[in-house]
Amino acid sequence: MKRLLKKDNIMLITIVFILLILLHFPLLSKNIIGADILLNNYFYNGYSWEISLGRFGLYVIGILKGFISFPHIDLFISFFLISISVLLIIDLFNIKNVTSKILCILLFTVSPIISSTLLFHYCAIGYFLSFFFGVFSIYIFYKAKGKYLKYLISLISIIITLSMYQAYFSFIITFFVIYNLYLLIKNKVDYKEAFGYLLTFLCGVILYFILMKISQNIFDVNMASYSNADKVGVNTLFSFPSKIIDSYLLFYKFFFTNDIMKNTYFYNHILHLLLLSVMIISIVISMVHNKVPKGNIIIGSIVIILLPVFLNSIIFVISDSKLQLLMSASYLWIFLFIIILNESKYIKIISGILLILLFRNYLIQDQASYMSLENQFMKYNTVIGSSILQNINHLDKKFVIVGNIKKDSDNDISNIYNSNYGFIADEDIFWNEYNLRKLAFERFVYQYYGVKVTFADLNTYNYILDNRKTSEVIYEIDGTNVIDFYNYRHN
């Protein structure tokens, strides 16, 4: 462990930290928000909601932060946690090659999975603590010398990870599988030790569920139905066959469609196909080169076939099979595995070129997302601001906001909306569901103008939609102030 404090490692942490600042500087310097971020800017008191989801660890973070959200501090601490995690990953896999280190650093700094998590700055510290302890649980288990200490620390790390964000269940499982597949290829796998970690992980999951139930009883909250979190239990066991199919569908969606991340605009789906093909070829070459025993080859082949199941293993615990970028951290290990496979020089060159092209696309997508979110914020700010100021003496009247700021054409490849990764920036800053949208707009107006306004109810909103004017952005219908983004888009 002491070797982690060496000068070279401190330098590596510094490089990753500075690179994260440079790549994600818009988050530090501009108004880049989504609906969740808007509602929880500055002060976050939604921890009863988090506890109902089983994320009681976030409540502890909230106490430490005084329930105040400081975007810059949240992001800087998150950058540091990412940097430490990268160091542990590089040390665990004993990555010596400079090119491999660079690719590893780029993976964990430009991936849209990372940037989408950073967008939720009000709980980013908790999410990246979950990330860090997920990595640390395996690192300490395989690196620590103390026979019992490593089990205890690893167990605690697993509980902390799940208490912050239980979707990282898949993150830990996949990391464990990838690391042991790496050891198998190197003829260093120890099944007894692997079984020991699995047993530790199982105990950690059980203890987490016990602590989760205790926290909910203490705060007198019930398990939320969001993502079917309240369906965790024996019932999920009966859905295993269908979930296996779902896991392969999610694997396909992540790598080859635009459902989770925008792949087709920059041909990421083709790069993914080539990288996955290179990975399989590299595994075969490595097994042959290292003379892996036949039994291990069979086990390794089964593990590779089941990778989609491990990547999406959270859906076997929580019955909702939806997947979005925030929950996709487990997929980072696939790219890491491609980076560390280095038996063939030519394969290494090919995979390096493909990864650089992919990371270049990621960089563009990240920045385009930030730009499109800022663009939306400025447009909303301009239109709502002018409306509120025009009606400042008539705030007893109710407001309705109809329409949204969307791209003008799905076919325009140069449109910035087509360049983002499709997690937040593909949608509006505000939700489409009216009651949630109304809540977000009320908060928006109060935070940015210091004015409390009342937005109309859903029935009034539907009436306005049926009777809206077609040429004005700001108008009045039956005493209700209307801000019409449909007309704003086309004027």
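Refer to the structure above for everything that follows.
To keep things clear, this report deals only with the structure shown in the data block. (Residues numbered from 1 in each chain as written. Predicted model: local features only at pLDDT ≥ 70, side-chain atom pairs only at ≥ 80, totals over all residues. Heavy atoms only, no water.)

The secondary structure content of the chain amounts to 21 helices and three strands. Contacts in the chain between residues at least 24 apart in sequence constitute 78% of all its contacts with a sequence separation of at least 6. (Helix = DSSP H or I, 4+ residues; strand = E, 2+ residues; numbered from the N terminus. Contact = heavy atoms within 4.5 Å.)

Core analysis: the biggest nonpolar cluster contains 165 residues, and Phe93, Phe108, Phe337 and Ile384 have the highest contact counts within it. It is helix 9 (residues 121–143) that provides the largest number of residues to this core, a total of 17 residues. Sequence-distant contacts of Ile384, defined by excluding residues within four places in its chain, comprise Ile401, Phe441, Phe444, Val445, Tyr449, Ile483 and Phe485. (Core = buried A, V, L, I, M, F, W, Y, C linked by side-chain atoms within 4.5 Å. Buried < 20%, exposed > 50% of the residue type's maximum accessible area, 1.4 Å probe, protein only.)

Taken together, Phe195, Leu199, Leu202, Ile206, Leu207, Ile210, Leu211, Ile214, Ile218 and Phe219 make up a surface patch of nonpolar side chains, about 920 Å² in accessible area. By secondary structure assignment, the location of Leu202 is in helix 12 (residues 191–218). (Patch = residues over 30% accessible without salt bridge, like charges linked within 9 Å, V, L, I, M, F, W, Y side chains within 5 Å. Areas by Shrake-Rupley, 256 points an atom, 1.4 Å probe, with all protein chains shown as cover. Salt bridge = Lys/Arg side-chain N within 4 Å of Asp/Glu carboxyl O.)

With that settled, the discussion passes to the packing of helix 11 (residues 169–185) against helix 17 (residues 332–340). Contact pair helix 11 / helix 17: the axes reach a minimum separation of 10 Å and the direction vectors enclose 20°. As judged from the angle between their axes, helix 11 and helix 17 are roughly parallel. Two packed elements cross with a definite hand, and for helix 11 against helix 17 that hand is right-handed. Within the contact between the two elements, helix 11 uses Phe171, Thr174, Phe175, Ile178, Leu181, Tyr182 and Ile185 and helix 17 uses Trp333, Ile334, Phe337 and Ile340. Residue composition of the contact of helix 11 with helix 17, grouped by class: ten nonpolar, one polar and no charged. (Axes fitted to C-alpha atoms, helices over the stretch in contact; angles between N-to-C directions. Parallel < 35°, antiparallel > 145°, perpendicular 65-115°, else oblique. Left-handed = near helix turned anticlockwise from the far one by under 90°. Nonpolar A, V, L, I, M, F, W, Y, C, P; charged D, E, K, R; others polar.)

Moving on: the sheet that holds strand 1 (residues 399–402). The mixed open sheet is built from three strands, whose spatial order is 1-3-2. Every other strand in the sheet has two partners, leaving strand 1 and strand 2 (474–477) as the edge strands with one partner each. Neighbour to neighbour, the strand axes of the sheet diverge by 30° on average, direction disregarded. Relative to strand 3 (residues 480–484), strand 2 is paired through four bridges, and the arrangement is antiparallel. Looking across to strand 3, one finds that Ile477 is bridged to Thr480. Sheet contacts for helix 18 (residues 345–390): strand 1, strand 2 and strand 3; angle to strand 2, the most-contacted strand, approximately 55°. (Pairing = 2+ DSSP bridges.)

The subject of this paragraph is the environment of Phe133. In this structure, Phe133 sits in helix 9. Distance in space between the C-alpha atoms of Phe133 and Thr161 is 5.7 Å, their sequence separation being 28 residues.

Burial along strand 1 is two-sided: the residues Phe399 and Ile401 and Val400 and Val402 are all buried. Here strand 1 pairs with strand 3 via four bridges, running parallel. Across the sheet, the residue bridging to Phe399 is Asn481, located in strand 3.

Inspection of every chain in the model, using the stated rule, returns seven salt bridges. Ionic pairing is found between Asp74 and Lys65, a salt bridge with its closest N-O pair at 3.3 Å. Residue classification places Asp74 among the buried residues on the basis of a relative accessible area of 2%. With a relative accessible area of 18%, Lys65 lands in the buried category. Here Asp484 and Arg468 are joined by a salt bridge, their closest N and O atoms 2.9 Å apart. With Asp484 in strand 3 and Arg468 in the loop between helix 20 (458–467) and strand 2, this pair connects stretches of sequence that are 16 residues apart. Accessibility expressed as a relative area gives 23% for Arg468, which makes it partly exposed.

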